[in-house]
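Chain and residue survey
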Amino acid sequence: MAIARLVRQAKRPYGLFVKMTAVTILGLCFIFVWGVFSNSSTSVTTQRESFEDIAEPVQSSSSVIQSQSQKKKISKPEKHEVVPDLVEKDEKKINVSSSSVTHHKKVLPKGKEKKGVVRGKKRVREDTKVNQDKGFANTDLHEEKEEGEEEVEGKEEVSDGEGDVENIDGGDLAESVDHDIEMLGDEESVEEEEEVTKKTSKGKMKGPLFDPNAKYKWKLCNTRSKHNYIPCVDIEVGGGKVASYRHTERSCPRTPFMCLVPLPHEGYKSPVPWPESKLKILYKNVAHPKLASYIKRHSWLMESGEYLTFPQNQSEFKGGILHYLESIEEMVPDIEWGKNIRIILDIGCTDSSFGATLLDKEVLTLSLGLKDDLVDIAQVTLERGFPTVVSPFGRRRLPFPSQVFDAIHCAGCSIPWHSNGGKLLLEMNRILRPGGYFIMSTKHDGIEEEEAMTSLTASICWNVLAHKSDDVGEVGVKIYQKPEGNDIYELRRKKVPPICKENEKPDAAWYVPIKTCLHTIPIGIEQHGAEWPEEWPKRLESYPDWMNNKEKLVADTQHWNSIVNYSYLNGMGINWTSIRNVMDMKAIYGGLAAALSQQKVWVMNVVPVHVPDTLPIIFERGLVGVYHDWCESFGTYPRTYDLLHADHLFSRLKNRCNKPVSIVVEMDRILRPGGWTIIRDKVEILNPLEEIFRSLQWEIRMTFAKDKEGIICAQKTMWRP
């Protein structure tokens, strides 16, 4: 009856009001019930802002490579950090009081701790003093923000390279973490992600770079090239025998490799330290089936017991390498090794005595190991401690910018420069500096090949400066020079090859096919390559006119000088006498390499392809580097670097790589046992990254965290699964 009465009332004029009131009451009830149940079931993920569970660093032993039998199993306190089969050293946990103004932890090498440091509420001020005393105030981790300073949330920088040094005063390099990151050229934002996953603008799921719940169990790679495996160069797909085990072009596996490259089957020992490695290396560290027969045919390397030795002044050229270099200077007096000529590209790695001898003259020679180097001489060159990169050279450009090499050298050159329309020589023309030299020596000049080469070099307006047949060395040497202006191109009767179109970017080099055209020569001071750089060593500190804001480069240089001098050289326990081959995995202006220039090291400056191009600046300063995409394997042999440095590399890789953990596997491949790595990044990345290192049995030597930023210094061991 009540319902019928309500229906009759609803038909009256005021029935609409009753309907709306009922709907409103029901809606409020639904919202109340939903809110109660959703609050009880929603999980909130909070990020750790410090390395609360990281142990104090393990004191370095006298031996670089630790014995696994001296280790002891330890269980981790957190569930997602438990990794079966993990072997670790006994560690002492340090807990930071939650009442501290900023959540951070600093760990110094054993024996270096300052006395009187008060834990708890007073820890921040005391640790700040320790930082200043030990030089850590000048690393990436600085003092806490001043009172009233507001931290920007949710802001994301969109520029890199030059555009990230604007807010830094060159004289004060220790203000805050955020400012310090900008100064380093990293556009890392101070945005804090409170959710594990969220939608990006493209609809992709954006989560943590490394899965914090992942457990890693490693196995050895089972590949054709075994302990010399280069994933993007060696053929490891398909069945049956293949004529060659190298790709004719760079070709990476569809899925990143997730296995560990084994050590040489005859064993591996710590490499001979520099500078002794110039004269001898351990044979079994570079063992290769074809190397023994190669040694018998060449005099510049010899087998002596367990070593490969390199007699001084021995070379592929009769008369010795010194005679060869002196004859080149006599032919072209303007070639002043170590002054006018600083950066050379040596094609082929046929004789590493060339780069070894020029190094004594302050010339930095980057050797290019080609895909058909079946004897792995490039690996021998790296083991000796000379800059080398492995890259196929066929249809694609080499991973270098344009107009950067002072000279290019090709000894015993058998490359068919004139084939395929002269594409390969056009690539040399692209990367050679205007006015630079192309030095080619051959033992037997065929008439047809010589005529074709003469016609080709004339078509691109290279001037033959000298041509000499060396009776002592039994080689013919030709020295060409690239023109310094564009006027000569207009004087050609036949415009073949043609001038490249304006939209053909000369610095685009990653997976870019070689163009059969001539790039115009830079003529304005706003273009790199327009002017020859200062003589070495002035060019290291001479900032190019074509750089828009020199203050940024000055600030970057000062910053890295401070980091290296106060922290890297003294505060991390690294034995720098064992360091020779260094890689900066995310170089901006080459600041790290410049700061290490007084050390007995060389640095491979890697500019990732997804950041603004600063590699021309690095070459302008007299340093070397390459472009690379870290979602793929690097062009080098296993166990070739002594130290890897990555400054905010991983935080730039979200939504880029299918398996970001494969980058760590690649680091394990190219780092020598006993080698070091220094990682500077966000704590949310470093926490799981530390666990990956531990699963690889790397020794964590030092950790430091403050204001969501941190450093890990780790050392690779001899361990293999």
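These remarks concern the structure in this document. Not measured: the values here are computed from a predicted model. (Residues numbered from 1 in each chain as written. Predicted model: local features only at pLDDT ≥ 70, side-chain atom pairs only at ≥ 80, totals over all residues. Heavy atoms only, no water.)

**Some remarks on the overall build of the chain**
The condition is simple: By definition, any uninterrupted DSSP run of H or I lasting at least four residues is a helix, any uninterrupted run of E lasting at least two residues is a strand, and each is numbered from the N terminus. Buried residues are those whose accessible area, probed at 1.4 Å on protein chains only, stays under 20% of the maximum for their type, while exposed residues exceed 50% and partly exposed ones sit between those limits. In what follows, a contact means two residues having at least one pair of non-hydrogen atoms within 4.5 Å. Areas reported here follow the Shrake-Rupley algorithm with a probe of radius 1.4 Å; residue values treat only the protein chains shown as occluding.
Helices and strands together make up the secondary structure of the chain, namely 17 helices and 20 strands. When the 721 residues of the chain are sorted by exposure, 55% land in the buried category. In the chain, 71% of the contacts between residues at least 6 apart in sequence involve partners at least 24 apart. Surface accessibility of the chain: about 32,800 Å² in total, with carbon and sulfur atoms responsible for 52%.

**Observations concerning the state of the cysteines**
Test applied: Our working definition of a disulfide is a cysteine sulfur pair at a distance within 2.5 Å.
Per the counting criterion, the structure on display carries four disulfides. With its sulfur 1.9 Å from that of its partner, cysteine 221 forms a disulfide with cysteine 259. One disulfide, between cysteine 221 and cysteine 259, carries an S-S torsion of 100 degrees and so falls in the right-handed class. In this pair, cysteine 221 is assigned in the loop between strand E3 (205-206) and strand E4 (280-282) and cysteine 259 in the loop between E3 and E4, connecting sequence segments 38 residues apart.

**Regarding unusual backbone geometry**
The linkage connecting valine 496 with the following residue, proline 497, adopts the cis geometry, with an omega of 0 degrees. By secondary structure assignment, the location of proline 497 is in the loop between helix H11 (487-490) and helix H12 (538-541). Residue proline 537 follows tryptophan 536 across a cis peptide bond; omega there is 10 degrees. Topologically, proline 537 is positioned in the loop between H11 and H12. Its identity is not glycine, yet glutamate 362 carries a phi of approximately 65 degrees, on the positive side. With respect to the helices and strands, glutamate 362 occurs in the loop between helix H7 (353-359) and strand E8 (364-369). With a relative accessible area of 44%, glutamate 362 lands in the partly exposed category.

**Observations regarding the sheet that holds strand E5 (residues 302-304)**
Heads up, the condition is: A pair of strands is treated as paired once DSSP finds two or more bridges between them. Axis geometry follows a simple rule: fit a line to the C-alpha atoms, using only the stretch in contact for helices, then measure angles between N-to-C directions, giving values from 0 to 180 degrees.
Spatially, E4-E6-E5 is the arrangement adopted by the three strands of the open sheet, whose pairing is antiparallel. Each having just a single partner strand, E4 and E5 make up the two edges of the open sheet. Averaged over all pairs of adjacent strands, the angle between their axes in this sheet comes to 30 degrees, without regard to strand direction. Of the strand pairs in this sheet, E4 and strand E6 (residues 307-309) are connected by three bridges, and their pairing is antiparallel.

**Let's talk about the pattern of salt bridges**
This is how it is decided: One speaks of a salt bridge when a side-chain nitrogen belonging to Lys or Arg is within 4 Å of a carboxyl oxygen belonging to Asp or Glu.
If you walk through the whole model with that rule in mind, you get 17 salt bridges. In this structure, glutamate 306 and lysine 269 form a salt bridge, with 3.6 Å as the shortest nitrogen-oxygen distance. With glutamate 306 in the loop between E5 and E6 and lysine 269 in the loop between E3 and E4, the pair connects residues that are 37 residues apart, well separated along the chain. Across the pair arginine 539 and aspartate 406 runs a salt bridge whose closest N-O atoms are separated by 3.0 Å. Taken together, the positions of arginine 539 in helix H12 and aspartate 406 in strand E10 (residues 405-411) put the pair 133 residues apart, joining distant regions of the chain. What makes arginine 539 buried here is its relative accessible area of 1%. Connected via shared salt-bridge partners are Asp406, Arg433, Arg539 and Glu620.

**Description of the packing of aromatic side chains**
Note the cut-off: Classification of ring pairs uses Phe, Tyr and Trp, with its six-membered ring standing for Trp, and accepts pairs whose centres are within 6.5 Å; under 30 degrees between planes counts as stacked, over 60 as edge-to-face, and the remaining range as tilted.
Tallying each qualifying case throughout the model produces 16 aromatic pairs. Considering the side-chain rings of tryptophan 602 and tyrosine 641, the 5.8 Å spacing of their centres and the 55 degrees angle between planes classify their relative orientation as tilted. Within this pair, whereas tryptophan 602 is found in strand E15 (residues 602-608), its partner tyrosine 641 is found in strand E17 (residues 641-647), the two being separated by 39 residues in sequence. Side by side, tryptophan 602 and tyrosine 641 carry an identical accessibility label, which is buried. Taken together, a centroid distance of 4.8 Å and an interplanar angle of 5 degrees make the contact between phenylalanine 693 and tryptophan 698 stacked. Owing to a relative accessible area of 3%, tryptophan 698 belongs among the buried residues under this scheme.

**Concerning the environment of cysteine 461**
Inspection of the secondary structure puts cysteine 461 in the loop between helix H10 (447-459) and strand E12 (463-470). Spatially, the C-alpha atom of cysteine 461 lies 9.8 Å from that of asparagine 486, the residues being 25 residues apart in sequence. Residues within four places of cysteine 461 in sequence aside, it is in contact with Gln481, Pro483, Ile488, Tyr489 and Arg492.

**Regarding the environment of lysine 495**
As a reminder of what qualifies: We define a polar contact as two N or O atoms separated by no more than 3.5 Å, with the added condition that, inside protein, one atom must be a possible hydrogen donor and the other a possible acceptor, whereas residues neighbouring each other in sequence contribute only through side-chain atom pairs.
With respect to the secondary-structure elements, lysine 495 resides in the loop between H11 and H12. In this structure lysine 495 comes out as partly exposed when scored by relative accessible area, which is 42%. Here the alpha-carbon distance between lysine 495 and serine 459, two residues 36 residues apart in the chain, equals 8.0 Å. Dropping the residues within four chain positions of it, lysine 495 is found in contact with Tyr489 and Glu490. Engagement of the side chain of lysine 495 in a polar contact is seen with the backbone oxygen of arginine 492, the distance being 2.6 Å.

**With respect to the pairing of strand E7 (residues 343-347)**
In terms of burial, E7 is a largely internal element, five of the five residues being buried. Along E7, one buried face is formed by Ile343, Leu345 and Ile347 and the opposite face, lined by Ile344 and Asp346, is buried too. Judged from the five bridges that link them, E7 and E8 form a sheet pairing that is parallel. In the strand pairing of E8, isoleucine 347 is matched with leucine 368.

**Overview of the pairing of strand E16 (residues 624-628)**
Within E16, five of the five residues are buried, which leaves it mostly tucked inside the rest of the structure. Burial along E16 is two-sided: the face carrying Val624, Val626 and His628 and the face carrying Gly625 and Tyr627 are both buried. Two elements, E15 and E16, share five bridges in a ladder whose sense is parallel. Counterpart to asparagine 605 in the pairing with E16 is glycine 625.

**Description of the nonpolar core**
The cut-off we apply is this: The set of buried Ala, Val, Leu, Ile, Met, Phe, Trp, Tyr and Cys residues whose side-chain atoms join them within 4.5 Å is what this entry labels a nonpolar core.
Ranked by size, the top nonpolar core spans 135 residues in total, and within it Trp417 and Phe650 carry the most contacts. Other than its neighbours up to four places away in sequence, tryptophan 417 contacts Phe393, Cys410, Gly422, Leu424, Leu425, Met428, Phe438, Met440, Met453 and Leu456. With 22 residues, the next largest nonpolar core counts Leu325, Val332, Val475 and Ile479 among its residues.

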